[in-house]
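Fold and geometry: a report
Residue strings, one per chain:
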Amino acid sequence: MGHQVGYIRVSSVDQNTDRQLSGIELNKTFREKISGKNIKRPQLQECLEYLREGDTMHVHSIDRLARNLANLQSIVADLTGRGVNVKFHKENLIFTGDDSPLQKLQLQMMGAFSEFERSLIRERQREGIAAAKAQGKQIGAAPKLSQEAIAIIKQRAAVCVNKKALAEEFGISRTTLYKVLDDKYQAS
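Rules behind the numbers
Residues numbered from 1 in each chain as written. Predicted model: local features only at pLDDT ≥ 70, side-chain atom pairs only at ≥ 80, totals over all residues. Heavy atoms only, no water. Helix = DSSP H or I, 4+ residues; strand = E, 2+ residues; numbered from the N terminus. Rg over C-alpha atoms; globule rule 2.2 N^0.38 Å. Buried < 20%, exposed > 50% of the residue type's maximum accessible area, 1.4 Å probe, protein only. Contact = heavy atoms within 4.5 Å. Areas by Shrake-Rupley, 256 points an atom, 1.4 Å probe, with all protein chains shown as cover. Pairing = 2+ DSSP bridges. Axes fitted to C-alpha atoms, helices over the stretch in contact; angles between N-to-C directions. Parallel < 35°, antiparallel > 145°, perpendicular 65-115°, else oblique. Nonpolar A, V, L, I, M, F, W, Y, C, P; charged D, E, K, R; others polar. Expected span 1.5 Å × (residues − 1). Arc of directions from axis to C-beta. Salt bridge = Lys/Arg side-chain N within 4 Å of Asp/Glu carboxyl O.

What about the overall build of the chain?
Helix and strand content of the chain: 7 helices and 5 strands. In terms of C-alpha radius of gyration, the chain reaches 24 Å, well past the compact-globule figure of 16 Å for 188 residues. Seen through its principal axes, the chain has C-alpha atoms that stretch 75 × 35 × 30 Å. Within the chain, buried positions represent 33% of all 188 residues. Of the contacts made within the chain by residues no fewer than 6 positions apart, 58% connect residues no fewer than 24 positions apart. In the form shown here, the chain has an accessible surface area of approximately 11700 Å², with 50% of it arising from carbon and sulfur atoms.

Quick notes on the sheet that holds strand β4 (residues 85-88)
Pairing between the strands of a sheet is mediated by backbone hydrogen bonds and can be parallel or antiparallel. In space, the 5 strands of this open sheet follow the order β2-β1-β3-β4-β5, with mixed pairing throughout. Of all the strands in the sheet, the pair left with one neighbour each is β2 (28-33) and β5 (93-95). Neighbour to neighbour, the strand axes of the sheet diverge by 15° on average, direction disregarded. Taken together, the 4 bridges between strand β1 (residues 4-10) and strand β3 (residues 56-59) define a ladder with parallel strand orientation. Bridging across to β3, Val-5 finds its partner in Met-57. Against the sheet, helix α3 (residues 69-81) contacts β3, β4 and β5, and its axis sits at roughly 135° relative to β4.

Quick word on the packing of helix α6 (residues 163-170) against helix α7 (residues 174-181)
Relative orientation of the contacting elements α6 and α7 amounts to 100°, with a least axis distance of 9 Å. On the basis of their axis angle, the class for α6 and α7 is roughly perpendicular. Contacts between α6 and α7 involve Lys-163, Lys-164, Leu-166 and Ala-167 on the former and, on the latter, Arg-174, Leu-177, Tyr-178 and Leu-181. Residue classes in the contact of α6 with α7 are distributed as 5 nonpolar, no polar and 3 charged.

As for helix α5 (residues 147-158)
Because each turn of an α-helix spans 3.6 residues, side chains separated by three or four positions end up pointing in the same direction. Given a rise of 1.5 Å per residue, 12 residues ought to cover 16 Å, and the 17 Å separating the end C-alpha atoms of α5 matches this to within 8%. Those residues of α5 not exposed but buried are Ala-149, Ile-150, Ile-153 and Ala-157. Seen from one end, α5 has its buried residues packed into an arc of 100°, which puts them on one side. Exposed residues lying more than 90 degrees from the buried face of α5 are Gln-147, Glu-148, Gln-155 and Ala-158.

Quick look at the pattern of salt bridges
Oppositely charged side chains can pair when the atoms bearing their charge come close. Enumeration over the complete set of coordinates arrives at 5 salt bridges. Here Asp-63 ties to Arg-64 by a salt bridge, and the two come within 3.5 Å at their closest N and O atoms. Of the two residues, Asp-63 and Arg-64, both sit in the buried class. In this structure, Glu-169 and Arg-156 form a salt bridge, with 2.7 Å as the shortest nitrogen-oxygen distance. Of the two residues, Glu-169 sits in helix α6 while Arg-156 sits in helix α5, which places them 13 residues apart along the sequence. Among the residues examined, Arg-156 registers a relative accessible area of 27% and is labelled partly exposed. What you see here is one network of salt bridges that share partners, running through Asp-63, Arg-64, Arg-67 and Glu-117.

Okay, here's the thing in structure tokens:
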């Protein structure tokens, strides 16, 4: 009997992982708070390297493992090819490598739904940003410098004040300082 290994993922740091795999006895758990848009996730990579033949990887739901069908199929095929079982609890699916055509279809359909959902999320984000911009709302961090501060920075930089010290004094990065000096900075 191999190890029971859990992989738990949420997309942002303010989300809670407690509901995932609650009540399931696991030998080891890998947790991360990171987007599932790609498979280059530190804890996922560590989990995949940790798993051995005879182990079972437990995942709350398919979309916690991958948000695109190609990545999902690749991960599951790699693991089952190495003799690792993969269990998705929400969907009540287990993949062992001896999977029936129906199981493969279920994985593909659920993976496609996850990918579709991710696409809808991105589309809604783009629409929301475009609507906010059209209303003149600030997108991203608000500018730190006023027109007055910009004028002072330019004046002092013109008389050879140390750029690093100037950036520190105004609480900005040197990159921002050079944007100000090159007239590529949007003031508040």
